[in-house]
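Coordinate inspection notes
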Number of protein chains: 2
Amino acid sequence: MVELPKPVRELISFFERLPGIGPKSATRLAFYLINAPSDFSKNFSRAVIEMKTRIKKCRVCFGVSEEDVCPVCGNGKRIQTTICVVERSIDMLAIENLGDYEGVYHVLGGVINPLEHVGPDDLELDSLFGRVRSMAGNGHGVEVEIIIATSPTMEGEATALYIKRKLDEIDQSIKITRIGSGLPIGADLEFADQATLSRAMEGRKGL
Amino acid sequence: MVELPKPVRELISFFERLPGIGPKSATRLAFYLINAPSDFSKNFSRAVIEMKTRIKKCRVCFGVSEEDVCPVCGNGKRIQTTICVVERSIDMLAIENLGDYEGVYHVLGGVINPLEHVGPDDLELDSLFGRVRSMAGNGHGVEVEIIIATSPTMEGEATALYIKRKLDEIDQSIKITRIGSGLPIGADLEFADQATLSRAMEGRKGL
């Protein structure tokens, strides 16, 4: 058995580090690039670098942006007093893709996770509280709603609770909501896991 | 709904063109790179370019190689008169990974596919026949075996037949074999498709 040339092995190892790509797919991708026209590799490589140099974080919501302020935060028609708090920019994209959310966002950059040494200070939490404080303190009696849309995982729930507690300290009148969880649409009750099912029962609504 | 910044959309479109990566995975990969340390993007981008500039085709078997002649063809211990004909370099890797094949390879670079305008001249077929001719014609009576390991698809089978006919014209004494096909190990007979099952029946062996 003969080893692959080093440049190929190196590229495979980079692909393997991407999420959802195992050793087999990584090899397949590398071999695809070997056989692709050399323009493709050149442009692909340039796109990777360009994205990194041209994309920054919006200084209001910390989502991805080409400008200092992203198009959502800069849009006067969006309701600036409804803030949906998400873990990552890609979650913001998922909600944007629904097409009917009219508020703005705040991207935390992760969740509180003591096992992986991610504490509140490693996330964009102070900036969130700062935003809320400046809105709540303006005394105009506008209703501020914070929708906490972290994932319904253990860490996501803990982060949601942490945020709720802190916001309550800032101003009791802030409306704090959590995205619903329960059975996904189209799911089969028989195959639902216990945690999801018990959440679905707790979250039952009058018809 | 707000559009993603152009550099992100561009990178997503590159990822989408890679095999087995749909729009969702492509987005996920691009966002992963946004959040990864900028060294990772830089090195990844460099690895893509390096592989393209440093990898060439072996001038004997047309497999990937850093040198003019790949380590398999250049290895005196490999049986140079047993040639396994494969479609792509990655197929060569799959057989190498078995660890017990002692012959050499010939990478066609695809299969004959009239629908996609791939004819015999677009593949490394003449070079294969040249290799065989030089071995068969040396008069030392060495047994030459050509193992045709193209995929058991319609195009792969047609290419195998084409190669067999041409080799028969060169020298009738060449041993030509085709890799076995039938039920994959661990498969359930009940769920096998008809073509595979009928091939498995044809290919039955005495016990």
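Residues take numbers from 1 onward in each chain, read along the sequence in its written order. Chains and ligands are labelled by the order in which they are written, letters from A for the one and numbers from 1 for the other. At least 70 in pLDDT is required for a residue's local features to be given in this predicted model, at least 80 for side-chain atom pairs to be given and counted, and no such filter applies to totals for whole chains, interfaces and linings, which use all residues.

1. Focus on the domain arrangement of chain A
Quick reminder of the rule: Just so you know, the domain bounds were taken from an automatic or database domain assignment.
Taken domain by domain, chain A holds domain 1 (6-54) and domain 2 (70-178). Each of domain 1 of chain A and domain 2 of chain A was reduced to a C-alpha centroid, and the two centroids are 35 Å apart.

2. A look at the interface of chain B and chain A
Rules: By the convention adopted here, residues make contact when the C-beta atoms placed from their backbones lie within 7 Å. Helical segments are the DSSP runs of H or I of at least four residues, strand segments are the runs of E of at least two, and each set is numbered from the N terminus. Side-chain classes are defined by residue name, with Ala, Val, Leu, Ile, Met, Phe, Trp, Tyr, Cys and Pro counting as nonpolar, Asp, Glu, Lys and Arg as charged, and the others, Gly among them, as polar.
Facing the 46 residues of chain B at the interface are 46 residues of chain A. The dominant element in the side of chain B that touches chain A, judged by the number of residues it contributes, is helix 3 (residues 38-54) of chain B, at 12 residues. For the side of chain B that touches chain A, the per-class residue count stands at 27 nonpolar, 10 polar and 9 charged.

3. Some remarks on the nonpolar core
How we decide: Only buried residues count toward a nonpolar core: Ala, Val, Leu, Ile, Met, Phe, Trp, Tyr and Cys, linked into one set through C-beta atoms within 7 Å. Here the C-beta atoms are placed from the backbone, and a residue counts as buried if at least 20 other C-beta atoms lie within 10 Å of its own, exposed if 12 or fewer do, and partly exposed otherwise.
With 39 residues, the main nonpolar core has Leu 11, Ala 30 and Met 51 of chain A together with Leu 11, Ala 30 and Met 51 of chain B as its most contacted residues. Looking at this core, the elements with two or more residues in it are helix 1 (6-16), helix 2 (23-35) and helix 3 (38-54) of chain A together with helix 1 (6-16), helix 2 (23-35) and helix 3 of chain B. If sequence neighbours within four positions are ignored, Ala 30 of chain B has contacts with Met 51 of chain A together with Val 8, Leu 11, Ile 12 and Phe 15 of chain B.

4. Structural notes on the confidence of the model for chain A
Basically, it comes down to this: A residue's pLDDT is the confidence the predictor assigns to it, expressed on a 0 to 100 scale.
Averaged over all residues, the pLDDT of chain A is 89; the fraction at 70 or higher stands at 96%. Model confidence for the complex: the whole-complex pTM is 0.76, and ipTM, which rates the interface, is 0.77.

5. Concerning the pairing of strand 5 (residues 145-148) of chain B
Residue and element names in this part refer to chain B. Applicable threshold: At least two bridges found by DSSP between two strands are what make those strands a pair. Handedness is read with the strands pointing away from the viewer; a crossover is right-handed when the path from the first strand over the helix to the second is clockwise.
Burial of the side chains of strand 5 is restricted to one face: Ile 146 and Ile 148 are buried, whereas none of Glu 145 and Ile 147 on the reverse face is. Relative to strand 5, strand 3 (residues 79-86) runs parallel, the two being bridged by 4 bridges. Paired with Cys 84 across the bridge in strand 5 is Ile 147. Note that strand 5 and strand 6 (residues 175-178) share 4 bridges and pair parallel. In the strand pairing of strand 6, Glu 145 is matched with Lys 175. This β-α-β element, strand 5 to helix 6 (residues 154-170) to strand 6, shows right-handed connectivity.

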